Structure formats: C-alpha cells, structure tokens
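Residue-level listing of the chains:
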Amino acid sequence: MKILVCIKQVPEFEQIEINEGPDGEAVFEELTEYRMNRFDEYAVEAAVQIRENLGSTSVDVLTAGPERSAEAVKRAIGMGADHGIHLKTEDDVDFSPSAIAGWIAAYAKSKVYHLILTGSMSEDAMNGQVAPMVAAGLQLPGATQVIDVRLSEDLSEVCIEREIEGGHREEIRLQLPAVLAIQTGANQPRYPSLSNLLRANKQVLEQVDTYALGGAAHREQLLGFSLPRKTRAGRHLSGSPREKADQLLALLRNKAFI
Amino acid sequence: MGQSSDIVVIAAHANGQVYPETYDLLAFARQLQKLQPGEIRMLVLGAAVDGIAETIAGMSGQDVEAICCEELTQYCSEGYRNFLVSELQPSPPAFICALHNSQGLDFAPAVASEINAACITGVTGLSARQSGLVFQKHVYGGKIKGNVTAATDSCVLTVQPGVFKFETDPSQPAGNVTRRTAACRLEHSQVLGTRPAEADTSTITEARVIVSAGNGVGDQENMGLIHELARLFQKSAVAGTRTVCDRGWLGYSQQIGITGATVAPELYIACGISGAVQHVMGMQGSRLVIAINTDARAAIFNEADICIVEDLTQFIPLLLETYKNEQTEPGKDV
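All of these numbers come straight from a predicted model, not from anything done at the bench.

A.B. asks: What is the right way to read the domain arrangement of chain B from this model?
C.D. replies: A common way to report how large an interface is uses the accessible area buried once the components associate. Residues and elements named next belong to chain B. Segmentation of chain B into domains returns domain 1 (7-181) and domain 2 (202-328). The centre of domain 1, based on its C-alpha atoms, is set 34 Å off from the matching centre of domain 2. Contact residues are listed per partner, giving six residues for domain 1 and six residues for domain 2. Buried area between domain 1 and domain 2, both sides added, is near 540 Å², and the carbon and sulfur share of it is 52%. The largest share of the area that domain 1 buries against domain 2 comes from Gly 141, Lys 143 and Gln 160, three residues that together contribute 60% of it. One can count one salt bridge joining domain 1 with domain 2. Put simply, Asp 295 and Lys 143 hold a salt bridge, and the shortest N to O gap is 2.4 Å.

See the structure below:
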C-alpha cells in the first residue's frame, strides 16, 4: 500500500507582539521561527501506524512551500515516514488553499496512492480546505474530521469514523483511493526518533518545482490582518500579582462565588 | 449560461431537524446581498426534507428549494458534492454559503474546487472595499483576523456559526417551498450510521462554576492547580480545551468546544487558554468569564470580562494562599 501524507510548515506565532496600525490593522514583526504544523502530526502518525500494522507499505510525506519548509518534511521522516517530497514555491507563503491543493493533486495524479492524508487544518491559515480540494481534484472520495481509520482486508475500502458536533461520530465506508483529513486526538503522535532523524538528514528530498506542475490557480488572496473585536468588557486587573489576587478575591466574594 | 449573481445558501440539517445556525447563515447571506445584490436561493438537500424546508420557509420568510435525493438519508460529502456541482456548474453563482461545521467544511472546498470558485472558510465578517468584497476569518490560532478576498467571480464561503444573528419577524409571511427530486449518485461512499458521543458531559454542563485548562497549563503536573482552584467554589467542575483532552490530561467528557460540550455556567475561569474559536464556541454563553494567560494578546481576552495577564503556575498558588490567609484572619473584613 502507498500512502501520501501532506504536511505544512507554520511559523511560531504564539509569542508574537501584535500592535494596532494607523488604519486599525494588526501589525507584527516578521515571523522567523518555523515548525511542523502540529495538526499534521496526527496524519503522519496515522500513516506510520498503518504501515506498522500492515507491513509492505510505504509512507511518502509531502509539503508545498519555500526552501525552509523542507525542515518540516525531515521532521515527519523523523517520525517514521519513508520518503520526502518538496514542492518548491516562491518565498512568500501564500494563503491560497486552491493553489496548494492544485499542486498536490497535480503531483499525486501521476502516482498510485491508496490513501492521501492531511491534518485537520493549518495552525496559521486555519482553512482546512486542502483535503477536500485534493479529493475533488483527483475525483476521489474524501472525508474530514476523521478520528478512526480501519482498512478492509483486501485493501479496497476504508471504514472511517468522523467526528461531528457534540462529539457524535459518523461512520462511513469509502472506496480506496481516498483522501482523509485526520482529526487531532485520533492517535498520540510519536516524537521523532534519533535514528530516523539521522536517516532524514541523509535523505535527499525529491524536489519538484511548482512551476513544472502548472495548472494551480490562486483563487484566494490574503490582503492583510486586523485585530479581533472584543465581545466583552475585558477589564484588565493591574498591579503586582499579589494585588491582582486581592482584587480577584474581592470580586469573587462580591459576586458571592466564594 | 454564464456566471449568475445568485447567492446560494445550503441549509444544514440532521435527523429531520434544521440546525438553528442555518438562520444565522441566512442572516449572513442577507448582509452579503446588501453589499452585492443577487437573488438568495436557499437549498435543502436530503432524502426527506419537505418538513425541514417548510420549517425554514415559515421561520424566515425565505423561499426554499427542497431537493429530494433518496440516496441522502444522511449527510454525505459525495452526495452533496455531486449534486451541487451538477446543479451549479453550468451557471456558477456569485456566492455559495454553507455553515462552518462538520458538513460545510467537508463538502464546500470540494465543490469550490470543481466549479473553479474561490473558497474562504470560517468567515466571521465582511466589508466592501473599492477593490471588492473582503471577508474576515480567524488566522494564527485566533489571535488575529485575516482579510481575504476572492480572485474569481464565484466564491464558496463557510460561515462561522454564532456570529451573524438572525432576527425573526413575525409579520413576515412564510416563504414558498418548491420541491423536486434529484439524483445524488453515491458511487464511492456509503454512510453506515451515526454513533452518539461516548463521553458523558453532564458533570460540566450542570456546574455553576467551571475552571478550565488550556495548553498554557504547560505540564500535566500543573493540572493539580486547576483542580485546587475549582475546589474553592461550590458546584464547580474542571474542564479543558481539546488540546488538553488530546494529551490525556483530562477525559473527553470534560472537553469544552465544538466537538465537546457547550456550557453556560455562572462563572468560567479560563486558565492558560488561547481562545481558539473552536473552544470559544463552547463557552461564550458563560455569565462571567475570567481569563488568566501570560500572553496579553491571547484571543481569550476578547471573550473575557476580567483579564489577568499572569503565569497561572505562579498566580493560582498565590491566589489560593491569599484566600487561605484571609480565611484564617478573623479580623479581616469578609
């Protein structure tokens, strides 16, 4: 069986300082630190587990992005993926899922993958569109929010459970090949192992220039950022930690919570 | 046929019931219509949807098209995709609006891809600029909003529930329902059924006070602090975000958010929670929200009444200690 896992490298944005610009836009310093999108770790783990259970399976891991994004592919190889593919794009990361999905579909078309997996969404763009778009591009069945994957013995079908509102689960049987977006919590992603990381560092990734893949349209365009609006008063307690604790206790007492 | 100016709205329903957020979706479509005129077409797709179509038409005054596909006894991505593509491809509408939920996010990007439309998911706002319509959505974990525009004449949108509010107008006459049958081929997929959630969330949904933990707790050991803080209150419960439950620090019965429980306690204390929209959807009905987070720009502070920018691993012990000292000081004004 051949599995393709599509991953993304995302910036470390947790600690960034965000300020309000003159026109109310959000301004922040350039993001320079990157990591593998955490939601994608579940897709890599799902693929590696399938290989462990079935044997004779190869796991390819692919990213579409600029030079630096190869690091994310190496991390996925460190988690146990066999082979890395880098679809090289221009430097500036764009937020156009139609372009990313178009390149992935163009690449995968010439290969024989039984399963194509992605994470539920990227932490930066938060679109969650690539899996259904790749499925459409390749005219394959697909499902999102997949929490459980069971392959039929003859590997012609997959039974999946997808998580819907309130934690309920929908059970669906899909013919293979299929494209699945794996939900967080579907498994416990492993840490990269030292031996696999050494292997990753030695491996020369398969590089494909996205120009050569052609055909991908940038249908969505990110114009800029703005600050979210507050939905509540948001009174900030001030002073030393001790003073804040005093204020909070007074408030809780005032409202008869303690 | 060429491009149309229509605004197509896909109703969301399951088990014979319309999702109430479908009305919010309609409210969004009407706002969109004011900025870019076009006829709103509300489609309800499924095996037996006459009743649902009548309900929506009655509630909203909107004309509704009931599309009966006997294969679609339950939601199925392939069925939605096949029908919508064959229906809309000949004359792509200006907009296709679906809910940003487990259904919309499942079929909308695929439909967009097949009809060469742009796709913007998780829309929370819209505005008209000289260059055209701009849609807002959460990016970077919900810390900021991205302003996204479509580079095509046709655009598929999934709209965040709970943002655009529908107001009923009792004087409005019911809309008309037209009914037709359609074939939704299911060649590659078969829906086997739905299983109820395994987790029993009654402990947190019935609590008066919820102390909730997020990724900022940092370490499983610090969960003790969350439990200790909860013990300060009567009828309290400990809960957490998806991340905390995925890590096994809490059971899924204690998960708050879209795929967990929706709660509305008297008091909600968010500890180390970033405020991702998936979580906020589950707690925004809380009466009083207190947030503790080291990051002054955390999105949770936009949803909080009281904001405390502190490291919870130091602040909660200090709070508990201060409380204990006050209890043992009889002279203190209580």
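A.B. asks: Would you take a moment to explain the interface of chain A and chain B for this structure?
C.D. replies: Between chain A and chain B, the contact holds 88 residues from the first and 90 residues from the second. Looking only at chain A, the three residues that lose the most surface to chain B are Arg219(A), Arg232(A) and Phe257(A), adding up to 11% of its buried area. Where chain A packs against chain B, one counts seven salt bridges. Across the pair Glu163(A) and Arg242(B) runs a salt bridge, and its minimum N-O distance is 2.7 Å. Considering every element that reaches the side of chain A that touches chain B, the biggest residue donor is helix α7 (residues 241-254) of chain A, with 10 residues. The residue makeup of the side of chain A that touches chain B, split by class, is 41 nonpolar, 24 polar and 23 charged.

A.B. asks: Looking at this structure, how should I read the packing of helix α1 (residues 21-35) of chain B against helix α2 (residues 50-60) of chain B?
C.D. replies: Helix packing geometry: the angle between the two helix axes and the distance between the axes. All names here are of chain B. Their axes nearest at 11 Å, the elements α1 and α2 cross at an angle of 55°. Judged by the inter-axis angle, α1 sits oblique to α2. You can see that α1 and α2 cross each other, and the crossing is right-handed. Of the residues in α2, those touching α1 at Thr 22, Tyr 23, Leu 26 and Arg 30 are Thr 55, Ile 56, Met 59 and Ser 60.

A.B. asks: I would appreciate a short explanation of the state of the cysteines in the present structure.
C.D. replies: All names here are of chain B. Enumeration over the complete set of coordinates arrives at zero disulfides over all chains. Considering cysteine sulfurs only, Cys 119 is the nearest to Cys 155, which forms no disulfide, with 7.2 Å between them. Here Cys 271 stays unpaired: no disulfide links it, and the sulfur of Cys 307, its closest cysteine neighbor, is 13 Å away.

A.B. asks: Any chance you could explain the environment of Pro189(A) here in plain terms?
C.D. replies: When you line up the elements, Pro189(A) lands in the loop between β12 (178-182) and α5 (194-202). Put simply, Pro189(A) and Gly234(A) are 45 residues apart on the chain and 36 Å apart in space, counted from C-alpha to C-alpha.

A.B. asks: Just to check I follow, could you spell out the sheet that holds β12(A) for this structure?
C.D. replies: Within a sheet, each strand pairs with its neighbour through backbone hydrogen bonds, oriented either parallel or antiparallel. Read across the sheet, 10 strands follow the order β13(A)-β7(A)-β6(A)-β1(A)-β8(A)-β12(A)-β9(A)-β10(A)-β11(A)-β12(B) without closing on themselves; strand pairing throughout is mixed. Looking along the sheet, the strands with just one partner apiece sit at the ends: β13 (206-209) of chain A together with β12 (189-195) of chain B. Taken over all neighbouring pairs, the strand axes of this sheet differ in orientation by 30° on average, direction set aside. Here six bridges tie strand β6 (residues 58-65) of chain A to strand β7 (residues 83-88) of chain A, and the two strands are oriented parallel to one another. Paired with Ala64(A) across the strands is Leu87(A), a residue of β7(A).

A.B. asks: Sorry, what's going on with the sheet that holds strand β14 (residues 236-240) of chain B here?
C.D. replies: Taken in spatial order, the six strands of this open sheet run β15(A)-β17(B)-β16(B)-β15(B)-β13(B)-β14(B), and their pairing is parallel. Unpaired on one side and paired on the other, β15 (235-236) of chain A together with β14 of chain B mark the two borders of the sheet. Across five bridges, the pairing between strand β13 (residues 209-213) of chain B and β14(B) is parallel. Its bridge partner being in β14(B), Val211(B) is matched across the sheet by Val238(B).

A.B. asks: Please clarify how the packing of aromatic side chains should be interpreted in this entry.
C.D. replies: Centre-to-centre distance and the angle between the planes together describe a pair of aromatic rings. Residues and elements named next belong to chain A. By the definition in use, this model includes 10 aromatic pairs over all chains. Geometrically, the ring pair formed by Phe 28 and Phe 225 is tilted, given 5.2 Å between the ring centres and 55° between the ring planes. Note that Phe 28 is positioned in strand β4 (residues 26-28) and Phe 225 in strand β14 (residues 220-226), a separation of 197 residues in sequence. One residue, Arg 35, lies across the ring of Phe 13, its end atom 5.9 Å from the ring centre. Note that Arg 68 overlies the ring of Tyr 34, its terminal NZ or CZ placed 3.7 Å from the centroid.

A.B. asks: Explain the side chain of Gln62(B) here, please?
C.D. replies: Residues and elements named next belong to chain B. Within the secondary structure, Gln 62 sits in the loop between α2 and β5 (64-68). Given the relative accessible area of 9%, Gln 62 is considered buried. A polar contact of 3.2 Å, which involves the side chain of Gln 62, links it to the backbone oxygen of Ile 40. When residues no more than four places from it in sequence are discounted, the contact partners of Gln 62 are Leu 26, Arg 30, Ile 40, Met 42, Ala 57, Gly 175 and Asn 176.

A.B. asks: Whenever I open this one, the packing of helix α3 (residues 77-88) of chain B against helix α4 (residues 104-114) of chain B confuses me. Can you help?
C.D. replies: Residues and elements named next belong to chain B. Direction vectors running N to C along α3 and α4 enclose 35°, while the axes themselves pass 9 Å from each other. Crossing handedness for the pair α3 and α4: right-handed. Contacts between α3 and α4 pair Ser 77, Tyr 80, Arg 81, Leu 84 and Val 85 from the former with Asp 106, Phe 107, Ala 110, Val 111 and Glu 114 from the latter. Taken together, the residues that form the contact of α3 with α4 break down as six nonpolar, one polar and three charged.

A.B. asks: Could you clarify how one ought to interpret unusual backbone geometry in this entry?
C.D. replies: Where the residue is not glycine, phi is negative for most of them; where a peptide bond is considered, it is trans in most cases. With an omega of 0°, the peptide bond running from Leu176(A) to Pro177(A) counts as cis. Structurally, Pro177(A) can be placed in the loop between β11 (169-175) and β12. The phi angle at Gln145(A) is positive, at roughly 55°, despite the residue not being glycine. With respect to the helices, strands and loops of the structure, Gln145(A) is situated in strand β9 (residues 142-151). The backbone of Lys235(B) sits at a positive phi, close to 50°, despite the residue not being glycine. Residue placement: Lys235(B) occurs in the loop between α6 (223-230) and β14.

The rules behind each value
Position labels on residues start from 1 in each chain and follow its written sequence. Labels are handed out in written order, letters beginning with A for the chains and numbers beginning with 1 for the ligands. Totals for whole chains, interfaces and linings use all residues, but because this is a predicted model, local features are given only for residues with pLDDT of at least 70 and pairs of side-chain atoms are given and counted only at 80 or more. Side-chain measures here rest on the full set of heavy atoms in the structure, leaving out hydrogens and waters. Domain extents, as shown, originate in an automatic or database domain assignment. Between two residues, a contact is recorded if the distance between any of their heavy atoms is within 4.5 Å. As used here, buried area is the combined drop in accessible area, with a 1.4 Å probe, of two parts when they are placed together. For this document, the term salt bridge refers to a Lys or Arg side-chain nitrogen within 4 Å of an Asp or Glu carboxyl oxygen. Only runs of H or I of at least four residues qualify as helices and only runs of E of at least two qualify as strands under DSSP, and these elements are numbered from the N terminus. Only Asp, Glu, Lys and Arg are considered charged in this grouping, and only Ala, Val, Leu, Ile, Met, Phe, Trp, Tyr, Cys and Pro are considered nonpolar; every other residue, Gly among them, is considered polar. Where helices are involved, their axes are fitted lines through C-alpha atoms of the stretch in contact, as for all axes, and angles between N-to-C directions lie from 0 to 180°. Should an angle fall under 35 degrees it is called roughly parallel, over 145 degrees roughly antiparallel, and 65 to 115 degrees roughly perpendicular, with every other angle called oblique. Definitions for this section: a left-handed crossing has its near helix turned counterclockwise from the far helix by less than a right angle. A right-handed crossing has that turn clockwise. The criterion for a disulfide is a pair of cysteine sulfur atoms lying within 2.5 Å. Whether two strands pair comes down to DSSP finding at least two bridges between them. In this scheme Phe, Tyr and Trp rings, the latter by its six-membered ring, pair at centre separations within 6.5 Å, and the angle between planes marks the pair as stacked below 30 degrees, edge-to-face above 60, and tilted otherwise. By the criterion adopted, a ring carries a charge over it if an Arg CZ or a Lys NZ lies within 6 Å of its centre and within 35 degrees of its normal. Exposure classes here rest on a 1.4 Å probe applied to the protein chains alone. A residue is buried below 20% of its type maximum, exposed above 50%, and partly exposed in between. Two N or O atoms form a polar contact when they lie within 3.5 Å of each other; inside protein one atom must be a possible hydrogen donor and the other a possible acceptor, and for residues adjacent in sequence the pair counts only when both atoms belong to side chains.

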